[in-house]
Amino acid sequence: MSITASVGLGGKNAAPDTRLVQALLNPHAGTLGFDLLEVDGDCGPLTRGAIRRYQQVVMKLASPDSRVDPGGKTFQSLVTTPVPADAIVTCERAPVTLKVGDFVQLPVVMDPADGTVQDAYTAFTYELPDRGARMVGTDYAIGVPNIIFVDPDAKVKIGAALTPALLAHEQFHYDVGFVACRTLAHQLTIARAPTLAGLVTKINGLVDLHIKRRVALIQRRYDVDTQHGLNAKYQRIWLDRMTACLANPAANQIGGFWL
């Protein structure tokens, strides 16, 4: 891994070289207090400022020059300095527990998975901010630190009573979204690809696997087993499984199903 010419103040700033330097700087953004850089190959003031900040804080240079030279001390430091321990993707949600006020009232509520009309239906939405990319060895990885934000998408039929049992059933559906996004966050943290295009492909594949296919499978199995919450025995079994899953941040399965 190397650059062909200088990047930064007074540098040639070839786009491929600039993208590499931007990706190498991004893991240190949180520690150094600069915004994550867009890995776009444009060596603007944000990139030059990040280089200078890195030289000041990490390398402790008395006279930082805001430039990275091929084979120079700054480049060697960038490729050998360990990534900060908190440079990971995490997952957060709000609210944690669903309340009556979190549900939107509609005349008809339908479960899109099987087309049945229900008193309530809960899905989730998520947001993964674009934090650019970083370099890990010779591979590209997602920019960190980053947070996947999860929100409920809850609906209730007008006139239907959100009883404690129904709320518990809908809470499970919401919880599935959270634990799946939590697993996705871990997978995104360790995802690697030799090119930026390859990284985008890998990220899209992980989202499809964890958020679309696996979530749909778990949600469907849960509704079949519990008869949409009417079977108290299986409702309790699945709720106990979720309690154990939520308590274990490293859990990647629930009830034998992969998250």
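As shown above, the structure is provided for reference.
Report follows, based on the coordinates. Note that the structure is predicted; figures quoted are calculated from it, not measured.

1. Considering the overall build of the protein chain
Summing up its helical and strand segments, the protein chain has seven helices and 10 strands in all. The C-alpha radius of gyration computed for the protein chain amounts to 23 Å, which surpasses the reference 18 Å derived for 259 residues by more than 25%, pointing to a less compact arrangement than a globule. Taken over the C-alpha atoms alone, the protein chain extends approximately 70 × 35 × 30 Å along its principal axes. Taking all 259 residues of the protein chain together, the buried fraction comes to 44%. Within the protein chain, counting contacts between residues at least 6 apart in sequence, those at least 24 apart form 66% of the total. Working note: accessible area of the protein chain is about 12,700 Å², and carbon and sulfur atoms make up 56% of it. In the protein chain, the 25 positive side-chain charges and the 24 negative ones have mean positions that sit 5 Å from each other.

2. Some thoughts on the packing of helix 6 (residues 196-226) against helix 7 (residues 232-247)
Between helix 6 and helix 7, the shortest axis-to-axis distance is 8 Å and the interhelical angle comes to 145°. Across from I218, R221, Y222, D225 and T226 in helix 6, the residues of helix 7 making contact are Y234, Q235 and W238. For the contact of helix 6 with helix 7, the residue count by class is four nonpolar, two polar and two charged.

3. Observations concerning the packing of helix 1 (residues 15-25) against helix 3 (residues 45-57)
Geometry of a packed helix pair, given as the angle between the helix axes and the separation of the axes. Relative orientation of the contacting elements helix 1 and helix 3 amounts to 50°, with a least axis distance of 11 Å. On the basis of their axis angle, the class for helix 1 and helix 3 is oblique. Crossing of helix 1 over helix 3 shows left-handed handedness. Of the residues in helix 3, those in contact with V21, Q22 and L25 of helix 1 are T47, A50, I51 and Y54. Classifying every residue of the contact of helix 1 with helix 3 gives five nonpolar, two polar and no charged.

Thresholds, definitions, all that
- Sequence positions are assigned chain by chain, starting from 1 and proceeding in written order.
- Totals for whole chains, interfaces and linings use all residues, but because this is a predicted model, local features are given only for residues with pLDDT of at least 70 and pairs of side-chain atoms are given and counted only at 80 or more.
- Side-chain numbers come from the whole structure's heavy atoms, not from hydrogens or water.
- Strands are runs of DSSP state E lasting at least 2 residues, helices are runs of H or I lasting at least 4, and numbering of each runs from the N terminus.
- The atom set for the radius of gyration is the C-alpha atoms, and the globule formula is 2.2 Å times the number of residues raised to the power 0.38.
- Exposure is judged per residue with a 1.4 Å probe applied to protein chains only, and the accessible area is read against the type maximum: over 50% gives exposed, under 20% gives buried, and values in between give partly exposed.
- Here, two residues are considered to be in contact whenever any of their heavy atoms come within 4.5 Å of each other.
- Each accessible area is a Shrake-Rupley result for a 1.4 Å probe, and residues are judged covered by the shown protein chains and nothing else.
- Only four residue types enter the tally: Lys and Arg on the positive side, Asp and Glu on the negative side, with His and both chain ends excluded.
- Charged side chains are reduced to one point each, which is NZ for Lys, CZ for Arg, CG for Asp and CD for Glu.
- Angular values range over 0 to 180 degrees, each being the angle between N-to-C directions of two axes fitted as lines to C-alpha atoms, with helices fitted over their stretch in contact.
- Under the scheme applied here, ten amino acids are nonpolar (Ala, Val, Leu, Ile, Met, Phe, Trp, Tyr, Cys and Pro), four are charged (Asp, Glu, Lys and Arg), and all others, including Gly, are polar.
- Any angle that falls under 35 degrees is termed roughly parallel, while one over 145 is termed roughly antiparallel, one within 65 to 115 roughly perpendicular, and all others oblique.
- By definition, turning the near helix anticlockwise from the far helix through less than a right angle yields a left-handed crossing, and turning it clockwise yields a right-handed one.

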